[in-house]
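Structure at a glance
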Protein chains: 4
Amino acid sequence: MSWLENSIMYTRGVAQGKQGETHELTTERQGKFHYTMGPYSDPVLHIQPGDRVIVETSDAFEGKIKHEHDRPSQLLRMPFLNPQNGPIMIAGAEKGDVVAVRIESILPRGENPRGTCCMIPRFGALTGTDLTAMLTDPLPEITRKIHVDEKHVHWSDRVTLPYQPHIGTLSLSPEIDSINSLTPDNHGGNMDLPDMGPGSITYLPVRSAGGRLFIGDAHACQGDGEVCGTAVEFESTTTIHVELIKNWSIDWPRLETESMLMAIGSARPLEDATRIAYCELILWLEKEYGFDRWDAYMMLSQCGKVRLGNFVDPKYSVGAAIDKKYLGPVLASSKVLS
Amino acid sequence: MSWLENSIMYTRGVAQGKQGETHELTTERQGKFHYTMGPYSDPVLHIQPGDRVIVETSDAFEGKIKHEHDRPSQLLRMPFLNPQNGPIMIAGAEKGDVVAVRIESILPRGENPRGTCCMIPRFGALTGTDLTAMLTDPLPEITRKIHVDEKHVHWSDRVTLPYQPHIGTLSLSPEIDSINSLTPDNHGGNMDLPDMGPGSITYLPVRSAGGRLFIGDAHACQGDGEVCGTAVEFESTTTIHVELIKNWSIDWPRLETESMLMAIGSARPLEDATRIAYCELILWLEKEYGFDRWDAYMMLSQCGKVRLGNFVDPKYSVGAAIDKKYLGPVLASSKVLS
Amino acid sequence: MSWLENSIMYTRGVAQGKQGETHELTTERQGKFHYTMGPYSDPVLHIQPGDRVIVETSDAFEGKIKHEHDRPSQLLRMPFLNPQNGPIMIAGAEKGDVVAVRIESILPRGENPRGTCCMIPRFGALTGTDLTAMLTDPLPEITRKIHVDEKHVHWSDRVTLPYQPHIGTLSLSPEIDSINSLTPDNHGGNMDLPDMGPGSITYLPVRSAGGRLFIGDAHACQGDGEVCGTAVEFESTTTIHVELIKNWSIDWPRLETESMLMAIGSARPLEDATRIAYCELILWLEKEYGFDRWDAYMMLSQCGKVRLGNFVDPKYSVGAAIDKKYLGPVLASSKVLS
Amino acid sequence: MSWLENSIMYTRGVAQGKQGETHELTTERQGKFHYTMGPYSDPVLHIQPGDRVIVETSDAFEGKIKHEHDRPSQLLRMPFLNPQNGPIMIAGAEKGDVVAVRIESILPRGENPRGTCCMIPRFGALTGTDLTAMLTDPLPEITRKIHVDEKHVHWSDRVTLPYQPHIGTLSLSPEIDSINSLTPDNHGGNMDLPDMGPGSITYLPVRSAGGRLFIGDAHACQGDGEVCGTAVEFESTTTIHVELIKNWSIDWPRLETESMLMAIGSARPLEDATRIAYCELILWLEKEYGFDRWDAYMMLSQCGKVRLGNFVDPKYSVGAAIDKKYLGPVLASSKVLS
């Protein structure tokens, strides 16, 4: 029996793990991409809990960076970056619920060199930016085009990296805000967590009717923190399996894999993102796994794992995780109502 | 001759200091208040550059906190806080322009005790919050109702403070985001700068057609940083004089008074807000007042003034200022086109 | 009657405001300057509470920057910067006491141009530094030599600033640490607070026998935040009046002037420095001025004043202050024992 | 052939991997432990490069917390925490060199329950502290005594954790500062990096003659960030192999294991610690492994690994690492002189 059958998604979801219809959200069907996630845009797809969606995602530059001599500063225009597919409406989703998104697969699209990595002026962790404002000159503007296949990322003549894709940006809509697709927050968004790859399940809080799911920004691989500001950005065909969990009220996104549970926080400074992630994880262990709050706090001080998603976006994202083997069974009560 | 006649607003504005029509934006005319500033809401008023608007602002709690035994946690619901009047459309305003808002007066409305100050659970600078997440208990929930007149704020039997009102929240719309009214950013918003009182002129960057001006959140007085999270919040009748400056491209709000020029930054951590403010001020002195960049940097290290607006909102706001007497005349070129 | 007679220094000090002997701490008597403040150095002077000391301070560069073509990167060597006079031993000072330092006067020494301001590579608020590490190039290295007299600081042909001197670095010794003179902390140190000028009284916590007073780093003027990293640094003759207050246990430095009381915090990020300053001020008002803790917190949200000392040193310094007129009389009990 | 023979320690060290004498630094020989790392203390041992030392470390509480009803606030007194063995003098070490410390083994000492974990009032990541000052009440004060053996940490009836020990505090002396043992900085110190376990090699910059090695603070296991403020603290017998690398000038500590190279930064806010770590790693790849600087920056954006040591100490510690398989051979030139 797969771990999936014991996952929160399968045990608490409306469709109970049954897979429904499969939809295709091609770039044609998507039409105009979105640069904000909010309640003000028109849905492109309506699905049922349990349905699958095959999404053709654009890359973070909407395909505008084609050659190594292309300059992001000339071809990109803020805030029209990081184009998102969606919004996808999930039937029955209401404020106070959770939408679960399992990533089944992420495959490369388009012709090689499909991957793009850029040093964009005044963007990245080791340069002055619009928020960490400085009088220093920008770093050089550099574009790398990278051969990507389903096994490898051919970084350079010297270095070949494994193909370990993930989705950089995944969210439902905030309740009333409409947030640009560069900024992660408690609705999800541009978290850039390498854990959000095939096999993972992300749990997102529903804040408006239908949830309004947005997805985009696939990365062929990414280091912790995405230090230069961009990953190996590429167009993908990403297949997701979407579920609805009723009456699960969470404040921040969460993530489950075969081996771990993770809570995700996004904030500045970076310690605040980490504080959010750990607080959420502790309260989760208390509420749904029967740990005393202080026992959980002290235990995570011995076995908690921290993943730095990015420290380059307008808010930084951090996941705090625990190995499932330390959890024991979920509380019976939380299967019904948490 | 008043300093106003030499202000940027008067010398560079479309209406050249001539006052136009006076509009009344009563609570009735406003109807529904707004909790986000963005391009997706319906205008309540269209005005010409040079027009005046008499605005009846609500208080930050929309009048729901009436007695000292009222509990914010029971009466307020996030994110429906800090109600804003607007949007007001300014004829001719386009992306790349600036809208200038001079505050003529801020007068108290409603019956005494008109002022409200609350300690709201998990809000304020000296408690764990949703962003600086902690496992500590919240501070006590306390409401103070305060007698406010046009001279004084009667804080307690022991302490009477001067009536020194300002507007806590003032903004145009972002280009595509719609930002909740609690969060300041480069569009303006909940900056809580005590300098934004009667006589001050705030310059805001236009990002969408008509500018879309929002205003609200009057404070009868406020300390630097708004440490407990709220000021003496009150309903006001605020009169503003609105101008349009064409082709003045600025990235962050700016402020002018009789004696100083100020640039305003909003970010976390607090040093980043301060960096933004000082960077903007230095580049302003270079571009429009003929200072060498490094001379301006080193000179402000000797005479710059910093005002902490708030360090309690989702982003913190800081103003960096220089006394006008050190500026000399504006460059002729920048009167025409900066 | 001067406000001084009602100051904490005069009402609670061992010498009760009586002035004792006057000592001269010339550069000759000082001999070797110190670059750390700690318990491991040899005293240069022993004084009684109430004594005055006339100190010849060096400038922050120990006089090595003589001409505008001098390069700090060639002439200065970390960590041998910001030379300090002292340690001065105060008779009777023990852990749990406070040493009060009133600055009587700060006069320029040496020949003009006496003042020095430098842009030092990778130092300052608007550049990458050793702590905010970046891959950007350093800003240009620039030295300014400035004519300073007792009235004015002749910044440039264009700008003349008032002579408003203060002491940048003032401290007692930590208990066991020896901290370099660039870093402020709860022992005092390189706070760079413009309020620490003639007329002010600084209260410092005693952590080791004799207190071990260090002083240096006079500034002819300085803007809030000392944004480029240096003020108008100069050699001074600074006269201080030193008192001892027994059994006053404080965690961070405090400051008194004719009109205000201030608590000072030093930390990163800047919000933490500000939190410390406000927390200390609130607890002070509660303990010694009879305010309810939450009343003080909410009141300072209406009338607190924040001064940014520096945001360029290894820790940033902030003062939070209240106008004395809001305080009323000190509690009788705290005059004896707080 | 072991990876060790190709390690930096073995290929560049004075002793060339030859093991010298073995010394015992028992608690008796240590005598008084140290609470600061600096140049002002008396050596307890003089060794040659290549020598081994078997160190009996105390726990972070110096053994004072014996029972679960013991209260840290009553038994511990700041700043006399985190006792350190040393200083150990390494013959020939001079400013501009590096001392390499390979941890051969960390074994538990003393009787069970040997492990101690405490929630100490106003210490930890999810509570107000002396630096993140708040008016909130402290969290409960809790002591856990834990059975630790060479295989397991018996956390609770419910959870058993693997024994994965590391050294929490390791440093040479700063040049002139003497820094308390709670604070990590560029000299090393209380970094709390779980990677610093048996098999690892830590490279520390020499700043004073002999290096002056301090070591202590063994942890039986620790989660990323050490969120509650303490790990499973225990007394250990730790065996180290010490080498000297001449003329290797590094600014911050570095770490090598069989599979990776890591640079370590310590600062606040947490993004600055991470910036330091990544900057150091990039410049290291450029200088000694022949990568172009921007290639290294962009490549680490795809494959860099970040480990959060602690975000509870006065400075936070972060390691940024790269898998050695991406490095290729070290530059011939850097074997001789970097």
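Please refer to the structure higher up on the page.
Residues numbered from 1 in each chain as written. Chains lettered and ligands numbered in written order. Predicted model: local features only at pLDDT ≥ 70, side-chain atom pairs only at ≥ 80, totals over all residues. Heavy atoms only, no water.

This paragraph deals with the side chain of D192(B). Residues and elements named next belong to chain B. Structurally, the position occupied by D192 is in the loop between strand 13 (188-189) and strand 14 (201-205). Within the buried core, D192 has no salt-bridge partner, and the shortest N-O distance to an opposite charge, that of R268, equals 11 Å. When near neighbours in sequence (up to four residues on either side) are disregarded, D192 contacts H166, G168, D217, H219, Q222, E226, G309, N310 and D313. (Helix = DSSP H or I, 4+ residues; strand = E, 2+ residues; numbered from the N terminus. Buried < 20%, exposed > 50% of the residue type's maximum accessible area, 1.4 Å probe, protein only. Lys, Arg positive; Asp, Glu negative; His and termini not counted. Salt bridge = Lys/Arg side-chain N within 4 Å of Asp/Glu carboxyl O. Contact = heavy atoms within 4.5 Å.)

Turning to the relation of the copies chain D and chain A, a few remarks are in order. Superposition of the two copies of the chain requires a rotation about an axis and a shift along the axis. Relative to chain A, chain D is turned by 180 degrees and slid 0.0 Å along the rotation axis, the superposed coordinates differing by an RMSD of 0.0 Å. The transformation just described matches what one would write down for a two-fold rotation axis. Across chain D, the smallest distance between a C-alpha and the rotation axis is recorded for L270(D), namely 2.7 Å. When the interface residues of chain D are mapped onto chain A, 98% of them are again interface residues, pointing to one common binding face. (Least-squares fit on C-alpha atoms with pLDDT ≥ 70 in both.)

We now examine the interface of chain D and chain A. Counting residues at the interface gives 57 residues for chain D and 56 residues for chain A. In total, about 4,900 Å² of surface goes out of reach between chain D and chain A, with carbon and sulfur atoms giving 62% of it. Three residues stand out in chain D for area buried against chain A, namely Y297(D), M298(D) and Q302(D), and they jointly supply 16% of the buried area on that side. Our count for the contact surface shared by chain D and chain A stands at two salt bridges. With a closest N to O distance of 2.9 Å, D295(D) and R144(A) form a salt bridge. Our count for the chain D to chain A interface comes out at 38 residue pairs in polar contact (both at pLDDT 80 or more). Taken together, the elements giving at least two residues each to the side of chain D that touches chain A come down to strand 7 (115-119), strand 8 (142-148), strand 10 (161-162), helix 4 (270-289), helix 5 (293-303) and strand 19 (305-310) of chain D. A per-element tally of the side of chain D that touches chain A places helix 5 of chain D first, with nine residues. Taken together, the residues of the side of chain D that touches chain A break down into 36 nonpolar, twelve polar and nine charged. (Buried area = accessible area lost by both parts, 1.4 Å probe. Polar contact = N/O pair within 3.5 Å; in protein donor to acceptor, adjacent residues only side chain to side chain. Nonpolar A, V, L, I, M, F, W, Y, C, P; charged D, E, K, R; others polar.)

Residues and elements named next belong to chain B. For strand 11 (residues 166-171), a buried count of six out of six residues is recorded, marking the element as mostly surrounded by other parts of the structure. Two elements, strand 11 and strand 15 (residues 213-219), share five bridges in a ladder whose sense is antiparallel. Paired with I167 across the strands is A218, a residue of strand 15. Of the strand pairs in this sheet, strand 11 and strand 13 are connected by two bridges, and their pairing is antiparallel. From the neighbouring strand, S171 faces strand 13, where its bridge partner is G188. (Pairing = 2+ DSSP bridges.)

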